[in-house]
Amino acid sequence: MKTQFEVGIIGGGIIGQSIAYQLAKEGVSVLILESNKIGNGATSAAAGMLGANSELENNDAFFQFAKESQQHYHVLRDELSQISQINIQFVDKGMYKLAMTDAEASALKDVVKYHESVEWHSKEVVLESEPTLSATIKGALYIPEDGHVSPYHVCAAFSKSARLLGATILENTPVHEIKKTVTNEYTLSTPVTDFVCKNIVIANGVWSGHFFKKLGLDAGINPVKGECLSIKSNDIGLEKTIFYDHCYIVPKGDGRFVIGATMVEDDWSTVPTIGGIQSLIEKVTPIIPSISSAQLIDTWAGLRPQTIDGKPYIGQHPEGENIYFATGHYRNGILLAPKTGLMIRDLILNRKQNEDYVKAFSVNRLQVQTM
Ligand code: FAD
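Source: prediction; values computed, not measured.

Cut-offs and rules
- Residues numbered from 1 in each chain as written.
- Predicted model: local features only at pLDDT ≥ 70, side-chain atom pairs only at ≥ 80, totals over all residues.
- Heavy atoms only, no water.
- Salt bridge = Lys/Arg side-chain N within 4 Å of Asp/Glu carboxyl O.
- Helix = DSSP H or I, 4+ residues; strand = E, 2+ residues; numbered from the N terminus.
- Buried < 20%, exposed > 50% of the residue type's maximum accessible area, 1.4 Å probe, protein only.
- Pairing = 2+ DSSP bridges.

A short note on the pattern of salt bridges
Using the criterion set out here, one finds 16 salt bridges in the structure. One salt bridge in this structure joins glutamate 79 and lysine 25, with 3.0 Å as the shortest N-O distance. In this pair, glutamate 79 sits in helix α4 (residues 61-84) while lysine 25 sits in helix α1 (residues 14-25), placing the two residues 54 residues apart along the sequence. Exposure remark for lysine 25: the relative accessible area of 38% places this residue in the partly exposed category. Here lysine 138 and aspartate 102 are joined by a salt bridge, their closest N and O atoms 3.9 Å apart. You can see lysine 138 sitting in the loop between α6 (123-129) and β5 (139-143) and its partner aspartate 102 sitting in helix α5 (residues 102-114), a full 36 residues away along the chain. Of the residues examined, lysine 138 reaches a relative accessible area of 38% and is grouped as partly exposed.

Now the structure itself:
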């Protein structure tokens, strides 16, 4: 087995796979070590919304980064399908952010004034295109750019493409320890064998806090558990994603609707609770009254990796080591995966970077601010 690589990536979720794909495309020898099955962590739990406009409120570097990442899905849809023959199920029919009260309607109408890529749709317009919605809605913000993908398929497509381009991807291979060698490389110790890499990337989602500590960095990652359910129904015919009060209904191409997601801080359990699923059903029922006759297909839970300010860590070790971080993507890892892969590729290959992004996502940004 080959044990020497230019880049070793810890974690085979959507973030690790996106990075591996971009590096393999450049001919870099890359290894991914995944403790379980690829995409088995938060990636498989996600609904797959690409909510740059609906999730992020400030027009800052984070928002620009998210928009670029969202746009890059248009490129990846064709590129990944050509290489891997996997369809990432990119649907760009947009999203309706609903208003259920007059106050909510007026707040959403205000958004149109400063946000050029959204429109206000009256109740009549919304109900004409989405007649399944309750007649009690007051209207909706139409966000054409916020589509969705199938996270599992994106991860699988990145992974297969990376592999076909030469990457080595090992499942059931947890990294227990990182050690520096005398030649300034890094040994990644696993139960299988030790791997030696010139550069390493910490991309193991909510579990990456362990390596931050081991590397002497004070940048924690906390779990925020999210529960979801999926349903099928002949009485529900949604085209667009529906978003209301942190709850969403995503129409998947296979006739399922994914409803999510709860937010439970500091909970490491990945088993959904009756209370969590009940709270989602209670939120959706006033929006789609016919939901009560739908078939319940599945319920599940996953752990969002949350940083202290809600933004990811994407950058190099502050002391200039060849250690890179790509973690803490919290609620938006599917949206941010394409651009994270490109940014880490450029950092490792020493290419020109957007300095606003380097600052916004640096591992020690919070310490720098307080100095
Ligand atoms: P993960 O997918 O968790 O991957 C990390 C991997 O590292 C895992 O496979 C794990 O097994 C592996 N690992 C852990 N420790 C080790 C080790 N020591 N050695 C080797 N491997 C290790 N985002 C969106 O953009 N849109 C959405 O609609 C959306 N919906 C969501 C809904 C829910 C319910 C949840 C929970 C999340 C949602 N997210 C969404 C967020 C998104 O899922 C995450 O931000 C994203 O999946 C993080 O990807 P990741 O690769 O960093 O982590």
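After that view, the rundown keeps rolling.
What about unusual backbone geometry?
Note the cis peptide between glycine 260 and alanine 261, where omega equals -20°. Within the secondary structure, alanine 261 sits in the loop between β13 (256-260) and β14 (264-265). The backbone of asparagine 184 shows a phi angle near 65°, a positive value even though the residue is not glycine. Looking at where asparagine 184 falls in the secondary structure, it is placed in the loop between β7 (177-180) and β8 (186-189). With phi around 55°, aspartate 266 is a residue other than glycine that occupies positive phi space.

Side note on the pairing of strand β16 (residues 313-316)
As paired strands, β16 and strand β17 (residues 323-327) are joined by four bridges and run antiparallel to one another. The residue of β17 that forms the bridge with glutamine 316 is tyrosine 324. Linking two consecutive strands that pair antiparallel, namely β16 and β17, is a turn of six residues; a positive phi of about 75° is found at glycine 320 within it.

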